[in-house]
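If you want the building blocks of each chain, they are given just below.
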Amino acid sequence: MELPRYAETVVVGGGTSGAVVAGLLAEHGDGSVLVLEAGPDYGPVASGRWPDDLLNAAALGYTGDWGYTSEETYADRVLGFERARVIGGCSAHNGCAAIWGSRIDYDGWAAAGLAGWSTDDLLPLFREANRRMRVRFYDAEEVTPFQAAWLEAAADSGVPLVSDLNDLDADVGMAASPVNIVGGVRWNSAFAYLDPVRGHSGLTVLGDTPVSHLVLDGNRARGVACLTSNGIETVGAGRVVVSAGAYESPAVLMRSGIGDPDDLRAVGIEPRHALPGVGKNLHDHPSARLAYRGSPEMERRMEAFAGQRWMPEEQTIAKLRSPLYPQTETGFDLHLYPVGGPIVDGGGWRWHVPVACMTPRSRGSVSLRSAEPGDRPRIDHRYRSDPDGYDTAVLAAGLGMARAIASRPPLKDLLGDEIEPGADIMDHGALASWINQTGEHYYHPVGTCKMGVPDDPLAVCDPRGKVHGLDNVYVADCSVMPVIPRANTNIPAVVVGERIGRWLLDSNP
């Protein structure tokens, strides 16, 4: 399909949020809408062209991964920062946990001056996101023996079992997670929002069309430059919505000359619009995991279950409060999320229990290594770098809580020996050191195009996603989140698309 000469709205990136924005605009007949997706567009769910691993929600998918890594950040290892380069974005390869977070997350955004982002403002959009993404709850008989054992042991240890992890006013509890899974298929945002409008004449979706930069004319974008088989081509735009994700959205802006002038000049880009916050405020939920040897009985139960039912490796989540959390305040600071089942393409089994700090204080950045659009950005999360060691301390406490649950029946007889970090790493100091050597992440990068009021030095966008100082450029994805919610960002990313997309319907390009 050829690149159109002009579109009233150009959406840069057809990921989780971008598919939502484009689908809403096309659904309401809001002029011509062009989606430019860097990865492939496999068409509607019924096309038969989707790779199996992106459809099968039993495990994470990896087809089309961008290949981002920590590179030289750590001296002794390389940490993968998996992101999906495909229509539907990370909703096409993630674990499908349809979690909302806590009331204090979004009320905190509103209290910082982001009108329209309070919990009460967003609740109708969360419900609509759940409806379109076909979110459902597991029936009791669908819960695997491994996950059921965690639920039973959690209750035995004093963690309440709850009916709905998305009660935004509940602090502590464990349950099977609500999921956007339909008959074992990962129901991504392209299926939910683009498939119903793919036949509309005003919508064009172009896969394998990465965006180099925006073409600015004063305080407006007059077009978007794309990488095509013919080289760099430009399409005119009435307005541009950048929805390329927490890593690529700031990169697109910076290649357009939008960002910190000193950072831009350092890679040979002439500054066009000074916004020092572009690429700053990067954060994610840091995590660490226990690993167990398992037992023949656990394997027997799981094999028997798999002989009768579809078996996901992720299924339950616990919301927990570490001893560091202020006991007089509402909320929580930990997720515990057991992962268990056969190793995909590897043979054997894995029995892991990761925990994640849901209130991280560490901040990192995304920067350019050159002006070339083919060069991936440099990503430095600076996990667990906060000066007080809070993030590491929360994780250490969370591992201790996970160990306590694992010691309760029936888990204590089913898990076998702890093999990572092992029985010789028990005290806080040794555990903290191990976390800092082996720590991971929960796959939820946010914040690099932060929404904020004009006097916020790191603010990139206003509360409606419009880039400060530009008339027709918006950002709509997890990069606009000023502070990460206590949630897997799967459904919150859809809600960002719903929130900004519906506001765009009220304005003209």
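Looking at an unreviewed UniProt entry, the chain carries the name Oxidoreductase, GMC family, with the source organism given as uncultured Thermomicrobiales bacterium. Recorded in UniProt for the chain, the comment headed Sequence similarities (unreviewed entry) runs: "Belongs to the GMC oxidoreductase family." A UniProt comment under Cofactor (unreviewed entry) is attached to the chain, and it reads "FAD".

### Observations concerning the layout of surface pockets
Space left empty within the atom packing is revealed by a probe, the size of a water molecule, rolled over the atoms. The calculated volume of the second largest pocket comes to roughly 310 Å³. Forming the walls of the second largest pocket are 17 residues, and the residues nearest its centre are Met1, Glu2, Val205, Leu206 and Gly207. At the level of secondary structure, the elements contributing two or more residues to the lining of the second largest pocket comprise β6 (203–206) and β8 (220–228). It is β6 that contributes the most residues to the lining of the second largest pocket, 4 residues altogether. Here the lining of the second largest pocket is composed, by residue class, of 6 nonpolar, 6 polar and 5 charged.

### What to know about the pattern of salt bridges
Two side chains bearing opposite charge may form a pair once their charged atoms approach each other closely. Enumeration according to the criterion identifies 22 salt bridges in this entry. Between Arg132 and Glu128 there is a salt bridge, and its shortest N-O distance comes to 2.8 Å. Taken together, the residues Arg132 and Glu128, both in helix α4 (residues 119–132) and 4 residues apart, mark about one turn of the helix. The class of Glu128 is buried, set by a relative accessible area of 17%. A single network of salt bridges, built from pairs that share partners, joins Glu27, Glu128, Arg131 and Arg132.

### Notes on the UniProt feature "binding site: FAD" (unreviewed entry) in the chain
Mapped onto this numbering, the UniProt entry annotates "binding site: FAD" (unreviewed entry) at Thr16, Ser17, Val86 and Val211. Its place among the elements puts Ser17 in helix α1 (residues 16–27). Other than its neighbours up to four places away in sequence, Ser17 contacts Ala476, Asp477, Cys478, Ala493, Val496 and Gly497. When you line up the elements, Val86 lands in the loop between α2 (52–55) and α3 (103–111). Its relative accessible area of 1% is what places Val86 among the buried residues. Contact partners of Val86, with chain neighbours within four places excluded, come to Gly14, Glu37, Gly39, Pro40, Tyr42, Trp50, Leu54 and Ala92.

What counts and what doesn't
- Residues numbered from 1 in each chain as written.
- Predicted model: local features only at pLDDT ≥ 70, side-chain atom pairs only at ≥ 80, totals over all residues.
- Heavy atoms only, no water.
- UniProt positions renumbered as here; feature names shortened; annotations may be inferred.
- 1 Å grid on protein atoms, 1.4 Å probe; cavity = no way out; pocket = protein on both sides within 12 Å on 5 of 7 lines; lining within 4 Å.
- Points joined across faces, edges and corners; volume = space filled by probe spheres on them.
- Helix = DSSP H or I, 4+ residues; strand = E, 2+ residues; numbered from the N terminus.
- Nonpolar A, V, L, I, M, F, W, Y, C, P; charged D, E, K, R; others polar.
- Salt bridge = Lys/Arg side-chain N within 4 Å of Asp/Glu carboxyl O.
- Buried < 20%, exposed > 50% of the residue type's maximum accessible area, 1.4 Å probe, protein only.
- Contact = heavy atoms within 4.5 Å.

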